[in-house]
Amino acid sequence: MIQKESDYKSKLLSFSFCHSEYILAPHTYYKIGGPADFALIPKNEVELEQSYQVLQQISLPYFILGGGTNVLISDKGFRGVVLITSHHKEFKPLGNDRYFISGGVELDWIVREVLLRNNYEGVGALTGIPGTIGGALFMNAGTINGCICEWTEKVFLLSPDGKKEIDIKSELYGYRSQRFCSMYELICGAIFRFQKSDKNQQLVYEHYMNRRREKQPQGYCCGSVFKNPAGYHAGKLIEECGLKGTRKGGAVISPIHANFIINENNATFDDVLFLIRLIREKVYEKFNIKLEEEVRILFEDGCLQTCKHSKNQEG
Ligand SMILES: Cc1cc2nc3c(=O)[nH]c(=O)nc-3n(C[C@H](O)[C@H](O)[C@H](O)COP(=O)(O)OP(=O)(O)OC[C@H]3O[C@@H](n4cnc5c(N)ncnc54)[C@H](O)[C@@H]3O)c2cc1C
């Protein structure tokens, strides 16, 4: 383990795809986030593996960032290394409706170029979700119509113990959660198996895109901030607390959908965090329900569930 600052600095900076004091805001949909001490931005499989390897060799905390559509990052940045996956894009048709897709490919591209072109099922579940395949698998992204893991056959991971191939079974995932990748592991890619549909998926796509345009607030945000607690709708609980339209600095709880917090006017990390905490407090007071964040919050010294190596942590 390389612990001396000058040693890990020179090791990291020996890679052409490593940047120091790297501002994260442009990589997030909130447009919030200060500098990471280092950012690794690999563009191919070799660089991706080198990046992950070096993270195992140095004593700095690290965080894996996909499309940044579901993260809120401190204005102070992150005292560690951020591995940004979104520049590594690989896509291979394998025949028989199976595809290898690397973690950095955009989900939206897959919906348009693979599902729609082949009239595959899954369009109703995955339409309109921004971000990468890696982020979607980590979060088990989806909607009421299904989730990405349903079409996933195998996931390829890099872990501190080496390379792993996980066969995806239904017991490994649930609502916006999964048990095959922890916070210290990296999803390099996955094999998907899709199925032809007998419905016109282009119409399904247009239906759900229109619905999002009509019902979803526009602006810098992470989508739903909280998961729906079993049997409840988080947005409705927040709305019933009278919190729609509540502001803090440049952030606002959307008057259109109470589970969305929008960065309306140069909001800070603390503005958004204040509203997240306010919502949790008020919903607990009124309904005795503890809301759980869907958004991943990255503090200066680590994540909510810290990103430092700990094999006991679940992602
Ligand atoms: C307007 C809007 C609408 C949305 N609608 C939906 C929706 O309908 N359904 C839904 O499920 N989500 C929705 N989201 C949330 C978000 O788009 C998804 O969670 C998305 O799948 C996250 O992907 P990402 O690449 O942006 O991940 P990021 O936000 O970059 O990261 C999210 C988490 O995944 C981890 N991660 C990312 N890539 C990898 C990787 N390769 N290996 C290991 N870990 C990784 C990160 O460490 C982090 O913990 C919405 C967001 C927005 C902004």
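Everything that follows concerns the structure shown earlier in this document.
Let us look at the structure shown here.

The rules behind these values
- Along each chain, residue indices are assigned from 1 in the same order as the chain's sequence is written.
- pLDDT decides what is reported in this predicted model: residues at 70 or higher carry local features, side-chain atom pairs at 80 or more are listed and counted, and totals for whole chains, interfaces and linings draw on all residues regardless.
- Hydrogen atoms and water are omitted, and side-chain values are computed over all heavy atoms in the structure.
- Secondary structure is summarised from DSSP: a helix means a run of H or I of at least four residues, a strand means a run of E of at least two, and numbering begins at the N terminus for each.
- Exposure is judged per residue with a 1.4 Å probe applied to protein chains only, and the accessible area is read against the type maximum: over 50% gives exposed, under 20% gives buried, and values in between give partly exposed.
- Here a residue-residue contact requires only that any non-hydrogen atoms of the pair lie within 4.5 Å.
- Each salt bridge in this description consists of a side-chain nitrogen of Lys or Arg and a carboxyl oxygen of Asp or Glu lying within 4 Å of one another.
- In this scheme, strands are said to pair when DSSP sees at least two bridges between them.
- Lines fitted to C-alpha atoms define the axes here, with helix axes fitted over just the stretch in contact, and angles between the N-to-C directions of these axes take values from 0 to 180 degrees.
- Here a residue is considered near a molecule or strand provided that any single heavy atom belonging to it is located within 4 Å of it.
- Within 3.5 Å is the distance limit for a polar contact, defined as a pair of N or O atoms, with the added protein rule that one can donate a hydrogen and the other accept it, and that residues adjacent in sequence qualify only through two side-chain atoms.
- Calculation of accessible area relied on Shrake-Rupley with a 1.4 Å probe; when residues are assessed, cover is drawn exclusively from the protein chains displayed.
- Nonpolar residues are Ala, Val, Leu, Ile, Met, Phe, Trp, Tyr, Cys and Pro. Charged residues are Asp, Glu, Lys and Arg, and all others, Gly as well, are polar.
- A helix is expected to span 1.5 Å for every residue after the first.

## Some words on unusual backbone geometry
Thinking step 1. Located in the positive-phi region is Asp97, a residue other than glycine, with phi close to 65°.
Thinking step 2. Of note, Asp97 is situated in the loop between strand E6 (91-95) and strand E7 (98-102).
Thinking step 3. We note that Asn288 has phi near 60°; this positive angle belongs to a residue other than glycine.
Thinking step 4. Structurally, Asn288 is set in the loop between helix H8 (269-287) and strand E18 (296-299).

## Some details on the side chain of Thr69
Thinking step 1. Its place among the elements puts Thr69 in the loop between strand E3 (62-65) and strand E4 (71-73).
Thinking step 2. Judged by relative accessible area, which is 15%, Thr69 ranks as buried.
Thinking step 3. With residues up to four places along the chain from it excluded, the contact list for Thr69 reads Tyr29, Pro130, Gly131, Cys221 and Cys222.

## Things to note about the environment of Phe17
Thinking step 1. Mapping Phe17 onto the fold places it in the loop between helix H1 (5-13) and strand E1 (18-23).
Thinking step 2. For Phe17, the residues in contact, after removing those within four places along its chain, are Ala39, Leu40, Ile41, Pro42, Lys43, Glu47, Gln50 and Ser51.

## So, the pattern of salt bridges
Thinking step 1. Per the counting criterion, the structure on display carries 17 salt bridges.
Thinking step 2. Here Glu5 and Lys9 are joined by a salt bridge, their closest N and O atoms 3.8 Å apart. Taken together, the residues Glu5 and Lys9, both in helix H1 and 4 residues apart, mark about one turn of the helix.
Thinking step 3. One salt bridge connects Lys154 with Glu165, and the closest N-O pair in it is separated by 3.5 Å.

## Comments concerning the sheet that holds strand E11 (residues 162-167)
Thinking step 1. Strand order in the open sheet made by the 5 strands is E6-E7-E14-E10-E11, with antiparallel pairing throughout. Both edges of this open sheet fall to E6 and E11, since each of them pairs with a single strand only. Within the sheet, the average angular offset between the axes of one strand and its neighbour, ignoring direction, is 15°.
Thinking step 2. One ladder, built from 6 bridges, connects strand E10 (residues 152-159) with E11; its direction is antiparallel. If you follow Phe156 over to E11, its bridge partner there is Glu165.
Thinking step 3. Against the sheet, helix H2 (residues 45-57) contacts E10, E11 and strand E14 (186-193), and its axis sits at roughly 50° relative to E10.

## Description of the site of the ligand
Thinking step 1. Every one of the 34 residues lining the ligand counts as a neighbour, but Ile64, Thr69, Thr132, Gly142 and Arg212 are closest to it.
Thinking step 2. For the ligand, an oxygen atom lies 2.6 Å from a polar atom in the side chain of Thr132.
Thinking step 3. Within the backbone of Gly135, an N or O atom sits 3.3 Å from a nitrogen atom of the ligand.
Thinking step 4. Here the ligand has 970 Å² of accessible area as a free molecule, and 94% of this is covered by the chains.
Thinking step 5. Only E3, helix H5 (133-139), strand E8 (142-143) and E14 provide two or more residues apiece to the shell around the ligand.
Thinking step 6. No other element matches the 5 residues that H5 contributes to the shell around the ligand.
Thinking step 7. Each residue belonging to the shell around the ligand can be placed in one class, and the counts come to 15 nonpolar, 14 polar and 5 charged.

## Brief notes about H8
Thinking step 1. Taking 1.5 Å as the rise per residue, H8 with 19 residues should run 27 Å; its terminal C-alpha atoms sit 27 Å apart, in good agreement.
Thinking step 2. Looking only at H8, the buried set comprises Phe269, Asp271, Val272, Leu273, Leu275, Ile276, Leu278, Ile279 and Val283.
Thinking step 3. Along its buried surface, H8 packs onto E4, helix H7 (234-240), strand E15 (247-248), strand E16 (251-253), strand E17 (261-263) and E18.
Thinking step 4. Following H8 by one or two positions, Asn288 has its phi on the positive side, about 60°.

## A short note on the sheet that holds strand E2 (residues 35-40)
Thinking step 1. Read from one edge of the open sheet, 4 strands run E1-E2-E5-E3, paired in mixed fashion. The strands lining the two open edges of the sheet, one partner per strand, are E1 and E3. Here the average twist between neighbouring strands, direction ignored, is 35°.
Thinking step 2. Pairing analysis gives 5 bridges linking E1 to E2, with the strands arranged antiparallel. Opposite Ser20, over in E2, you have Phe38 as the bridge partner.
Thinking step 3. In this fold H1 packs onto E1, E2 and strand E5 (78-84), with an angle of close to 50° to the strand it touches most, E2.
Thinking step 4. Here H2 sits on the sheet and contacts E2, E3 and E5; the angle it forms with E5, its principal contact strand, is near 155°.

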